[in-house]
Amino acid sequence: MSGFSVCRGSVGSIKALWEGRILKNQEEVQRPKPKDQDGLNRLSDVWENRIVLAKLKEKLVNEDGRLIFRLEKEEWKTLPQALVHLTQVQEWQIHRTGLQSIPNFICRFEHVVVLDLSRNAINVIPREIGEMRRLRELLLSYNQLKDIPEELGRCENLERLELAKNRNLSDLPSELSQLKKLCYLDLSMNGFLSLPECVVGLAGLQWLDMGGNRLQGLPADIHRMGNLHTLWLQRNELKELPENLSLLQSLETLVLSNNRLRDIPAQMEGMANLRFVNFRDNPLTLDVVLFNKTQQEEGEDEDREMFGRDFMHMYIQEARRRDMMST
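Criteria and cut-off values
- Residues numbered from 1 in each chain as written.
- Predicted model: local features only at pLDDT ≥ 70, side-chain atom pairs only at ≥ 80, totals over all residues.
- Heavy atoms only, no water.
- Phe/Tyr/Trp six-rings, centres within 6.5 Å; stacked < 30°, edge-to-face > 60°.
- Helix = DSSP H or I, 4+ residues; strand = E, 2+ residues; numbered from the N terminus.
- Buried < 20%, exposed > 50% of the residue type's maximum accessible area, 1.4 Å probe, protein only.
- Pairing = 2+ DSSP bridges.
- Axes fitted to C-alpha atoms, helices over the stretch in contact; angles between N-to-C directions.
- Salt bridge = Lys/Arg side-chain N within 4 Å of Asp/Glu carboxyl O.
- Core = buried A, V, L, I, M, F, W, Y, C linked by side-chain atoms within 4.5 Å.
- Contact = heavy atoms within 4.5 Å.
- Expected span 1.5 Å × (residues − 1).
- Arc of directions from axis to C-beta.

A. Layout of the packing of aromatic side chains. Taken as a whole and assessed by the stated rule, the structure comprises six aromatic pairs. A ring pair is formed by Phe 69 and Trp 92, whose centres lie 6.1 Å apart and whose planes are at 65 degrees; its orientation type is edge-to-face. Placement of the pair is Phe 69 in strand 2 (residues 66-72) and Trp 92 in strand 3 (residues 91-95), with a sequence separation of 23 residues. The class for Phe 69 is buried, based on a relative accessible area of 1%. By relative accessible area, Trp 92 is classed as buried at 1%. Between Tyr 184 and Trp 207 the ring centres are 4.2 Å apart and the planes differ by 5 degrees, which places this aromatic pair in the stacked class. Pair noted here: Tyr 184 is in strand 7 (residues 184-186) and Trp 207 is in strand 8 (residues 207-209), with a separation of 23 residues, a long-range link.

B. Geometry of the sheet that holds strand 8. Here eleven strands make up an open sheet; going across it, the order is 1-2-3-4-5-6-7-8-9-10-11 and the pairing mixed. Each of the sheet's edge strands pairs with one partner strand only, and the pair in question is strand 1 (60-63) and strand 11 (276-278). When the angles between neighbouring strand axes are averaged without regard to direction, this sheet yields 10 degrees. The pairing of strand 7 with strand 8 spans three bridges and is parallel.

C. Inspection of the pattern of salt bridges at higher detail. Taken as a whole, this structure holds eleven salt bridges when the rule is applied. One salt bridge connects Glu 74 with Lys 59, and the closest N-O pair in it is separated by 2.5 Å. Of this pair, Glu 74 sits in the loop between strand 2 and strand 3 while Lys 59 sits in the loop between helix 2 (34-57) and strand 1, and the two are 15 residues apart along the sequence. Classification of Lys 59 as buried rests on a relative accessible area of 17%. One network of salt bridges, with partners in common, ties together Glu 197, Asp 221 and Arg 224.

D. Main features of the pairing of strand 2. Note: strand 1 against strand 2, four bridges, orientation antiparallel. Bridged to Asn 62 within strand 2 is Leu 67. Taking the residues that link successive antiparallel strands as the turn, the strand 1-strand 2 hairpin has two residues, and the phi of Asp 64 there is positive, at about 55 degrees. Where strand 2 lies against strand 3, five bridges are found, and the strand directions are parallel. Residue pairing in the sheet places Arg 70 in a bridge with Gln 93 of strand 3.

E. How the structure looks around the nonpolar core. In terms of nonpolar packing, the biggest core is built from 80 residues, with Trp 92, Val 199, Leu 208, Leu 254, Met 268 and Phe 279 touching the most fellow members. If you list the elements that add at least two residues to this core, you get helix 2, strand 2, strand 3, helix 3 (197-200) and helix 6 (309-326). Per-element accounting of this core gives the leading share, four residues, to helix 6. Excluding residues within four positions of it along the chain, Met 268 makes contact with Leu 241, Leu 245, Ser 246, Leu 254, Phe 279, Met 312 and Ile 316.

F. Just unusual backbone geometry, in detail. Positive phi outside glycine occurs at Asp 64, with the angle close to 55 degrees. Relative to the elements of secondary structure, Asp 64 occurs in the loop between strand 1 and strand 2. Despite not being glycine, Lys 73 has its phi angle at roughly 55 degrees, a positive value. As for its placement among the helices and strands, Lys 73 is situated in the loop between strand 2 and strand 3.

G. The pairing of strand 3, seen in detail. Of all five residues that make up strand 3, five are buried, and the element is covered over most of its length. Alternating residues of strand 3 divide into Glu 91, Gln 93 and His 95 and Trp 92 and Ile 94, and every residue in both groups is buried. Bridge count between strand 3 and strand 4 (residues 114-116): three bridges; the pairing is parallel. The residue of strand 4 that forms the bridge with Gln 93 is Asp 116.

H. Spotlight on helix 6. Under the 1.5 Å per step criterion, the end-to-end length of helix 6 is 26 Å for 18 residues, consistent within 8% with the ideal 26 Å. Within the sequence span of helix 6, burial applies to Phe 311, Met 312, Tyr 315, Ile 316 and Glu 318. End-on view of helix 6: buried residues confined to an arc of 165 degrees, all on one side of the axis. Those residues of helix 6 that are exposed and aimed more than 90 degrees away from the buried face are Met 324 and Met 325.

By themselves, these figures tell us nothing about what the structure is for.
In structure tokens:
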């Protein structure tokens, strides 16, 4: 009996061991080892990146010898890492894609001179933007920016900056005054209450649009922008103009429509280069009517000219005449 028991136990043990090995082997066949799984994942990532890269390459166009990466009206809330393989690109044009952020690897695009990402949903600019030393144009209008990184001031070759209609944008870092080559700046339709100090410090600025903000005044040292030839200030809350505005002798275009101006500084009469000025829709104190029969007969924009340069001169002369009569 005892021999039989030992034999039965031995057979049972061997059977259990064999079945256990079979089960383990089946599990190993059905489930790859961890190392194998990592390898498969890497292989899958490689193929996925190749597919994405192939799709991105379809967005490359060559115009006038410049390689442009162009996306329009497609859903790209983020840009894939595979894009770094296209660092030879010189210009980005990404519009109406719903893009929410600029990737940190943007700095690897050393040849980019134009970064046009307007009309998206971008809410932050990475600090790495400051490493793009060849960048000449940065266009970020119609996005959701709240602030601008101080590192942008290191983009020493930047000539054009467009930040229009980022509704929550109301200030700029002082470091932007380092942009010595900046000549075109669009800050229209934002939340600025005053002209940022860094903007006044941009001596090379030629074109500035601050229209559609909530400006309540202009700085007394506005004349520091000596190269300014175009200044748009329409649809703000300006109640008066600083006398030093007249020292902007390079100024050719000045738009002041839809403000709260009560008077026109007499000093502006000496702005010899001012070709176009508009005081339309301001509650000016004096009621001055400018009548030009020739313009009416030719069907020109009389409404615009009625509050233009000739109107300004007549207003100043009338104000001077009344002052003399009151004394």
